[in-house]
Amino acid sequence: MVSKERADTPDRIIEGEGLWEGRLLKFNRLKSTNAWAMHHIDSCRHGDVVWAIRQTTGRGRLSRSWLAPDDRGLTLSVVLKDLEQDEIVPILGQVAALAVRDTLKTHSIHGSLKWPNDVMVHDKKIAGILAEVDSDRNVVILGIGVNVNVRDDDMESAHLVQSATSMLIKGGRTFDIESVRECLISDLERRMNSVTLNGTSHVADTWARYDWLAGSSIELHSSNGTVRGRYTGLDERGRLRLLDGQGRKRFFWAGDVEKIVLDQ
Ligand code: BT5
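As a starting point, this report considers the structure included with it. (Residues numbered from 1 in each chain as written. Predicted model: local features only at pLDDT ≥ 70, side-chain atom pairs only at ≥ 80, totals over all residues. Heavy atoms only, no water.)

### Description of the pairing of strand β13 (residues 240–244)
- By the alternation rule, side chains of β13 split into L240, L242 and D244, which are all buried, and R241 and L243, of which none is buried.
- Two elements, strand β12 (residues 225–234) and β13, share four bridges in a ladder whose sense is antiparallel. The residue bridging L234 from the neighbouring strand is L240, located in β13.
- Where β12 folds back onto β13 in an antiparallel hairpin, the turn is made up of five residues, including G238, whose phi is positive at roughly 95 degrees.
- For β13 and strand β14 (residues 249–252), the ladder comprises four bridges, and the chain directions are antiparallel. By the bridge assignment for β14, L240 is matched with F252.
- Hairpin remark: β13 followed by β14, antiparallel, with four residues in the connecting loop; positive phi at G247, about 80 degrees. (Buried < 20%, exposed > 50% of the residue type's maximum accessible area, 1.4 Å probe, protein only. Helix = DSSP H or I, 4+ residues; strand = E, 2+ residues; numbered from the N terminus. Pairing = 2+ DSSP bridges.)

Structure, rendered in C-alpha cells:
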C-alpha cells in the first residue's frame, strides 16, 4: 500500500525559483522534505527545492528529529544530481552552513559555524543541515532547517538536549519566511558556484573565519567512541582535525562535538 505522503504531489510548482532555474516544489504540509525528495528522486531535477510550510516529522542525523513547530520554521531540501566534481560532495553540508550564515547576516543576525554543519548564535543552535547522499545514483539531498519565528516556549516543550535559538528570539521581531527562503536560495546558489570555481579548500578557509570551535579543546563522539583533544580546524575535504593527548593528528568525517576544558 502506498502511504498518503508517498502519493503526495506538491501544492504548487513554481518554475525558476529553485537553484539555477530549478523548480520550487511547495507543500503546505509534509512529514520530511528530505524523505520526500529521496523517495521521488526520479521525478526531481537538479536544482529543485522541496519546501514545506509545515514539516511534521523532520529528521536530523542518526535518526534524530528536527523540530519545526507549526509554520514557524524554514524547512527545505535542495536536490543535487550528477555533480561532476566528486570532492565537493563531502563538503556540501559546510557549504550550506555558510549560506545560512550569509542569510542570517543579511537579516542582522551574526552566526558562527559548528562542525559538522550547525549554525550557532553564541552558544545556541539556530539552524541544522542534513546532507543525504545516494552514491549509486549520484544524488545529494541537502536538507536545511532554520529557526525563523520559533519561540522560546516551542523549544522548552521539546526538551532539546542542546539549547536552541531563533531569528525571532535574536532579532526581536518576526520575519517573513518566504523572503528568508528566497535569500537562502540565492546565497546557496552563490556558495555552490564558488565551490565549483574555487575548490573545497576555499570553503575550509572561509569556515575558519566564523568557526565556533576555533581555539577550543573538544570531545568528539563518533561511532568509534570518544576522543578528546585540541581542535585544529577543518581540512579541505570537510574533515575535523584534532590533535589528541598523544600529540597525534587525527581526522574525522562524522561525529558530535562538545567544547571542554582539558586538564593540563
Ligand atoms: C541536524 O541534525 O541538525 C539536521 C537538521 C536538518 C533538518 C532539515 S529540515 C528540512 C530537511 N528535512 C528533514 O527531514 N530534515 C532536514 P543533528 O545535527 O543530528 O541535530 C539534531 C538535534 O538538534 C536533535 O537531536 C535536537 O537535539 C536538536 N534540534 C532539533 N530540532 C531543533 C531545532 N529546531 N533547533 C535547534 N536544535 C534542534
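### Some details on the environment of T165
- Take T165: it is sitting in the loop between α4 (152–158) and α5 (167–171).
- Sequence-distant contacts of T165, defined by excluding residues within four places in its chain, comprise V121, K124, K125, I126, N147, M155 and K170. (Contact = heavy atoms within 4.5 Å.)

### Considerations on the environment of L188
- Along the chain, the position of L188 falls in helix α6 (residues 177–198).
- Take L188: its relative accessible area is 2%, and that puts it in the buried class.
- The spatial distance from the C-alpha of L188 to the C-alpha of S108 is 18 Å, given a sequence separation of 80 residues.
- Setting aside its immediate chain neighbours within four residues, L188 contacts L19, V78, V95, A96, A99 and I144.

### A look at the nonpolar core
- Membership of the largest hydrophobic core comes to 59 residues, with the highest contact counts inside it found for L74, V100, W115, I144, V146, M167 and L240.
- Here this core gets eight residues from one element, more than from any other, and that element is helix α3 (residues 92–106).
- Contact partners of L74, with chain neighbours within four places excluded, come to W51, I144, G145, V146, V148, I177, V180, R181 and L184.
- With 12 residues, the next largest nonpolar core counts V50, A52, V139 and I141 among its residues. (Core = buried A, V, L, I, M, F, W, Y, C linked by side-chain atoms within 4.5 Å.)

### Section: the sheet that holds strand β15 (residues 256–260)
- If you walk across this open sheet you meet the five strands as β14-β13-β12-β11-β15, and the pairing is antiparallel. Of all the strands in the sheet, the pair left with one neighbour each is β14 and β15. Each strand axis lies, on average, 45 degrees off the axis of its neighbour in the sheet, ignoring direction.
- In terms of strand pairing, strand β11 (residues 217–222) meets β12 through six bridges, oriented antiparallel. The residue bridging I218 from the neighbouring strand is G229, located in β12. (Axes fitted to C-alpha atoms, helices over the stretch in contact; angles between N-to-C directions.)

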